[in-house]
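Results of the structural survey
Take a look at the letters that make up each chain.
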Amino acid sequence: MQLNFRGLPALVTGAGKGIGRDTVKALHALGAKVVAVSRTDADLVSLSEECPGIQTVCVDLGDWDATERALGNVGPVDLLVNNAAVVPLQPFLEVTKEVFDRTFSVNLRSLVQVSQIVARGMIHRGVPGSIVHVSSMVAHVTLPNLSVYSSTKGAISVFTRAMAAELGPYKIRVNSVNPTVVLTAMGQKVLTDPEIARKLKERHPLQKFAETEDVVNSILFLLSDRSASTSGSDAGFTLS
Ligand code: NDP
């Protein structure tokens, strides 16, 4: 599948590490003009060295006002990847207000905020666009200690369908990918609990973890014209 994003403006959140970083590298290699958004400046500096010409924005996406200041005037974006997230591990009975609020702010509220900024720009310019949310298989299956994280991903399923329905008339497609474990920093954290690791592997139809490249390929497909008739798909944990 040969994809070409030459000259298309793209924005990726959580671009400093893991899946987001590799998505930026892939989009850059395929000719997109990428805005990479993340929280740790050193990650963005090293990413810029690897991908000359990208624009970087350093912001804590859990902070609504800071995000508005950083991205409110970001310029045209045709392709958006909402990827930034945190994964607290807490038993349900020990869930704290701070962790709940922080996780929902980063994983869900920023997705809404950044999508609004980008979609308003697409509508204003009268151009079609594609938005991909990086969700998780735990939107669809439950596992111990992940109730808050899973709830943010479950809510992304609803936003995917709702946004697809409301933005479809403007030719803006909205889809999610729902990976199983990928051995990024986040994946390693989840796998420190051997019980979760075993259950995660068992729950995936292919009974294996994914490579970052697998997820990036799914994201690229959903961003591209190869999925031109696909919108509102929340592809469960089979698309990973
Ligand atoms: P990583 O933890 O490896 O990378 C996450 C990136 O997001 C980092 O660059 C991080 O920056 C950034 N980020 C986190 N919080 C913020 C914030 N508040 N503001 C700006 N940037 C932020 O995660 P992965 O690459 O593994 O995960 C990417 C996506 O994939 C997430 O949505 C995750 O839920 C999903 N996913 C991951 C799976 C896995 O096993 N890895 C499985 C299923 C889904 P910093 O490090 O500076 O905080």
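Scroll up to find the structure.
What comes next concerns the included structure. Treat the numbers as computed from the prediction; the structure is a model and nothing was measured.

Some remarks on the packing of helix α3 (residues 64-71) against helix α4 (residues 97-125)
- One can describe the packing of α3 onto α4 by two numbers: an axis separation of 11 Å at closest approach and a directional angle of 25°. Classified by the angle between their axes, α3 and α4 sit roughly parallel to one another. Remark: the crossing between α3 and α4 carries right-handed chirality. Across the interface between the two elements, W64, T67, E68 and L71 of α3 pack against R109, Q113, V114, Q116 and I117 of α4.
- When grouped by side-chain class, the residues that make up the contact of α3 with α4 number four nonpolar, three polar and two charged.

Describing the site of the ligand
- Inspection of the region around the ligand gives 31 residues, with K17, R39, T40, Y149 and T184 positioned closest.
- Within the contact set of the ligand, an oxygen atom lies 2.4 Å away from a side-chain nitrogen or oxygen of R39.
- T40 places a polar side-chain atom, nitrogen or oxygen, 2.4 Å from an oxygen atom of the ligand.
- Bound to the protein, the ligand loses 94% of the 890 Å² it would expose on its own.
- Cavity membership is defined here by more than half of the atoms lying within 2 Å of grid points; on that basis the ligand lies in the largest pocket.
- Contributing elements (two or more residues each) for the shell around the ligand: α1 (18-29), α4, α5 (147-167) and α6 (185-190).

Some points on the nonpolar core
- Counting residues in hydrophobic clusters, the biggest one holds 29 residues, and the most contacted among them are F5, V24, L27, I219 and L223.
- The greatest single-element share of this core, amounting to six residues, is contributed by helix α8 (residues 212-223).
- With residues near it in sequence (within four places) discarded, V24 still touches V12, A15, V34, A36, L47 and I54.
- Among the nonpolar cores identified, the runner-up in size contains 23 residues, and A66, L80, I117 and V174 belong to it.

With respect to the packing of α1 against helix α2 (residues 41-50)
- Where α1 contacts α2, the axes come no closer than 11 Å and their chain directions differ by 25°. One element, α1, and the other, α2, form an angle in the roughly parallel class. Note on packing geometry: the crossing formed by α1 with α2 is right-handed. Of the residues in α2, those in contact with R21, V24 and K25 of α1 are D43, S46, L47 and E50.

Description of α3
- Considered for burial, the residues of α3 that qualify are A66, T67 and L71. Each buried residue of α3 lies within a common arc of 105° when the element is viewed along its axis, so the set occupies one face.
- Of the surrounding elements, those touching the buried residues of α3 are β1 (9-13), β2 (33-38), β3 (55-58) and α4.
- One side-chain oxygen at the N-terminal end of α3 lies 3.2 Å from the backbone nitrogen of D65; it belongs to D63.

Considerations on the environment of T67
- Note on placement: T67 falls in helix α3.
- Relative accessible area serves as the criterion here: at 0%, T67 is assigned to the buried category.
- Considered as a pair, T67 and V57 are 10 residues apart in the sequence and their alpha carbons are 9.7 Å apart.
- Ignoring any residue separated from it by four or fewer positions in sequence, one finds T67 in contact with V59, D60, L61, G72, Q113 and V114.

Procedures and definitions
Residues numbered from 1 in each chain as written. Predicted model: local features only at pLDDT ≥ 70, side-chain atom pairs only at ≥ 80, totals over all residues. Heavy atoms only, no water. Axes fitted to C-alpha atoms, helices over the stretch in contact; angles between N-to-C directions. Helix = DSSP H or I, 4+ residues; strand = E, 2+ residues; numbered from the N terminus. Parallel < 35°, antiparallel > 145°, perpendicular 65-115°, else oblique. Left-handed = near helix turned anticlockwise from the far one by under 90°. Contact = heavy atoms within 4.5 Å. Nonpolar A, V, L, I, M, F, W, Y, C, P; charged D, E, K, R; others polar. Near = heavy atom within 4 Å. Polar contact = N/O pair within 3.5 Å; in protein donor to acceptor, adjacent residues only side chain to side chain. Areas by Shrake-Rupley, 256 points an atom, 1.4 Å probe, with all protein chains shown as cover. 1 Å grid on protein atoms, 1.4 Å probe; cavity = no way out; pocket = protein on both sides within 12 Å on 5 of 7 lines; lining within 4 Å. Sits in = over half its atoms within 2 Å of the grid points. Core = buried A, V, L, I, M, F, W, Y, C linked by side-chain atoms within 4.5 Å. Buried < 20%, exposed > 50% of the residue type's maximum accessible area, 1.4 Å probe, protein only. Arc of directions from axis to C-beta.

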